[in-house]
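Chains, contacts and geometry: an overview
Read off the chains here:
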Amino acid sequence: MKIQGYPNPGAGLRLHLNENTGGCSPRVLEAIQRLSTADIASYPDYTEVVLACARHFGVDPEWLLLTNGLDEGILMAAVGHISRARLHDAETIVPLPAFDPYPNSSAAAGATIVRVPPAADLAFPTDGVLAAITPRTKMIFLNTPNNPTGRLIPLADLRRIAEAAPQAVVLIDEAYIEFGGESFLPELPRYPNVLLGRTFSKAYGLAGMRVGVVIGQAQALDPVRAVTPPFTLNAVAIAAIHAALQDTEFLPRYAAQVRESRERLYEACRRLGLQCWESAANYVLVRVPGDPAPFVAALAARRIHVRDRTKDAITPGCLRITTGLPEHTTAAIEALESAAAQGTVR
Ligand SMILES: Cc1ncc(COP(=O)(O)O)c(C=O)c1O
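Residues numbered from 1 in each chain as written. Predicted model: local features only at pLDDT ≥ 70, side-chain atom pairs only at ≥ 80, totals over all residues. Heavy atoms only, no water.

1. Remarks on the overall build of the chain
To be explicit about the condition: Strands here mean DSSP runs of E at least two residues long; helices mean DSSP runs of H or I at least four residues long; both are numbered from the N terminus. Atoms considered for the radius of gyration are the C-alpha atoms alone. The globule rule reads 2.2 Å times the number of residues to the power 0.38. Exposure is judged per residue with a 1.4 Å probe applied to protein chains only, and the accessible area is read against the type maximum: over 50% gives exposed, under 20% gives buried, and values in between give partly exposed. Just so you know, the count uses Lys and Arg for positive and Asp and Glu for negative, and it drops His and the chain ends. Taken as the charge centre is NZ of Lys, CZ of Arg, CG of Asp or CD of Glu, depending on the residue.
Helix and strand counts for the chain stand at 12 helices and 12 strands. By the compact-globule yardstick of 20 Å for 346 residues, the chain fits well, its C-alpha radius of gyration being 20 Å. With respect to the three principal axes, the spread of C-alpha positions in the chain is 55 × 55 × 40 Å. Split into buried and exposed, the 346 residues of the chain put 55% on the buried side. Across the chain, the 32 positively charged side chains and the 34 negatively charged ones have centroids separated by 4 Å.

2. Here we look at helix α7 (residues 155-164)
Put simply, the test is: By construction, the arc corresponds to the directions joining the helix axis to the C-beta atoms. Whether two residues are in contact is decided by their heavy atoms: any pair within 4.5 Å suffices.
When we look at burial in α7, the residues that qualify are L155, D157, L158, I161 and A162. For α7, the arc enclosing every buried residue in end-on projection is 160°, short of the 170-degree limit, so these residues lie on one face. On its buried face, α7 is in contact with α6 (126-132), β5 (137-143), β6 (169-173) and β7 (194-199).

3. Quick notes on helix α4 (residues 69-83)
Our working rule: By definition here, a helix of n residues has an expected span of 1.5 Å times n minus one.
The end-to-end C-alpha distance of α4, which contains 15 residues, comes to 21 Å, matching closely the 21 Å that a straight helix rising 1.5 Å per residue would cover. Burial runs high along α4: 11 of the 15 residues are buried.

4. Quick look at the site of the ligand
To keep it simple, the criterion reads: Nearness of a residue to a molecule or strand requires only that one of the residue's heavy atoms be within 4 Å of it. Two N or O atoms form a polar contact when they lie within 3.5 Å of each other; inside protein one atom must be a possible hydrogen donor and the other a possible acceptor, and for residues adjacent in sequence the pair counts only when both atoms belong to side chains. Every accessible area reported is derived by Shrake-Rupley at a probe size of 1.4 Å, with residue values counting cover from the shown protein chains alone. A pocket, in this scheme, is an open set of points on a 1 Å grid over the protein atoms alone with protein on both sides within 12 Å along at least 5 of 7 lines, while a cavity is a set where a 1.4 Å probe fits but cannot get out; residues line either one if an atom lies within 4 Å of a point. Here the criterion for a molecule occupying a pocket or cavity is that more than half of its atoms lie within 2 Å of the pocket grid points. Asp, Glu, Lys and Arg are counted as charged, while Ala, Val, Leu, Ile, Met, Phe, Trp, Tyr, Cys and Pro are counted as nonpolar; the rest, among them Gly, fall into the polar class.
Near the ligand lie 14 residues; those nearest to it are L70, D173, Y176, T199 and S201. Contact between the ligand and L70: an oxygen atom at 2.6 Å from a main-chain N or O atom of the residue. In the model, an oxygen atom of the ligand is placed 2.7 Å from a nitrogen or oxygen of the R210 side chain. Here the ligand loses 93% of its free accessible area of 390 Å² to cover by the protein chains. Judged by its atoms lying within 2 Å of the grid points, the ligand is housed in the largest pocket. Of the residues that constitute the shell around the ligand, the class distribution is 5 nonpolar, 5 polar and 4 charged.

5. Considerations on the packing of aromatic side chains
Note the threshold: Within 6.5 Å between ring centres, the rings of Phe, Tyr and Trp (the latter by its six-membered ring) count as paired, and their orientation is classed by plane angle as stacked under 30 degrees, edge-to-face over 60, tilted in between. Cation placement over rings: the criterion is NZ of Lys or CZ of Arg within 6 Å of the ring centroid and within 35° of the ring normal.
According to the stated counting rule, one finds 8 aromatic pairs in the structure shown. Plain terms: the ring middles of F179 and Y254 are 6.1 Å apart, the flat faces sit at 70° to each other, and that makes the pair edge-to-face. You can see F179 sitting in the loop between β6 and β7 and its partner Y254 sitting in helix α10 (residues 250-272), a full 75 residues away along the chain. The pair F179 / Y254 is uniform in exposure class, with both members buried. Here the basic side chain of R320 rests over the ring of Y283, its NZ or CZ set 5.8 Å away from the ring centre.

6. Some words on the environment of Y204
Secondary-structure assignment places Y204 in the loop between β7 and β8 (212-216). On a C-alpha basis, the gap between Y204 and L245 in space is 8.7 Å, while along the polypeptide they are 41 residues apart. At a separation of 3.3 Å, a polar atom in the side chain of Y204 contacts the side chain of H56.

Here it is, written out as structure tokens:
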């Protein structure tokens, strides 16, 4: 059954939302089972979990805000910095292709969205972003690795943009950084106008728990904190975070599986003559030549859900495929092969 506003692909292999296809650490489930009725009946106390996260990220606890998924962190950043500040002529810069919540949150906060098209071959448009900065620029959304291309923004370019817009908050969304690339985290002390976004949804497999992290200095973080609901994370999610952080073997093991999956998919694309982009994340953007419908149909027939970006003018003919456990990637490759075998690849 389809309900407006609640997308539901139905049963099948979920390779469309870049979740952890292997699930979360079993320790998370054990921790949740240990919760008491009183834990559930009480508003949560966040002290211990904020300290644990601050230790994990190596930052001052005052620099860290937990949100109900990074989605909420992105919205609260826009609301805190733009609508609460009553900035009526604010602009936000959104380099394309972009994660939808950047323009959506900008619009919700009442900002004018300045979209910057990608450079050649979907590369990050550093010069375009620098050229788009004006005195009205109040937020810049940077995403590394980028969703959906998987491409990284060089640290030097992140620095240049942050330095070129001291009047703006630069939100660097590192939702997928655990799968590849260098975090901007060590640079943060030098950039009071930067907010870093992280999530437990992807590498830690906690998408269903909704845990995001926004990290930054007071100048950037306080306006976000001011508008974030006080008990936005629930008690179950807090137990999950503690357990996820304690299972130190989980993340390296899964990141290695993701790397193997990516390699398998690149190799299949080469074999099948499909263009794809090298990704630092847990997904790969694949372009199918000609009519993409047979590919979408071949995947759907096997109940493999992928993100169909074929109609997006920035990514025409492209599918974004999550690369999680290697056996799941193999299932997607078999579907691509069957579509190609039907003579659809030219
Ligand atoms: C680039 C990017 N940022 C943020 C998020 C949101 O993550 P969360 O599940 O923590 O809301 C996603 C989720 O797909 C994403 O792709």
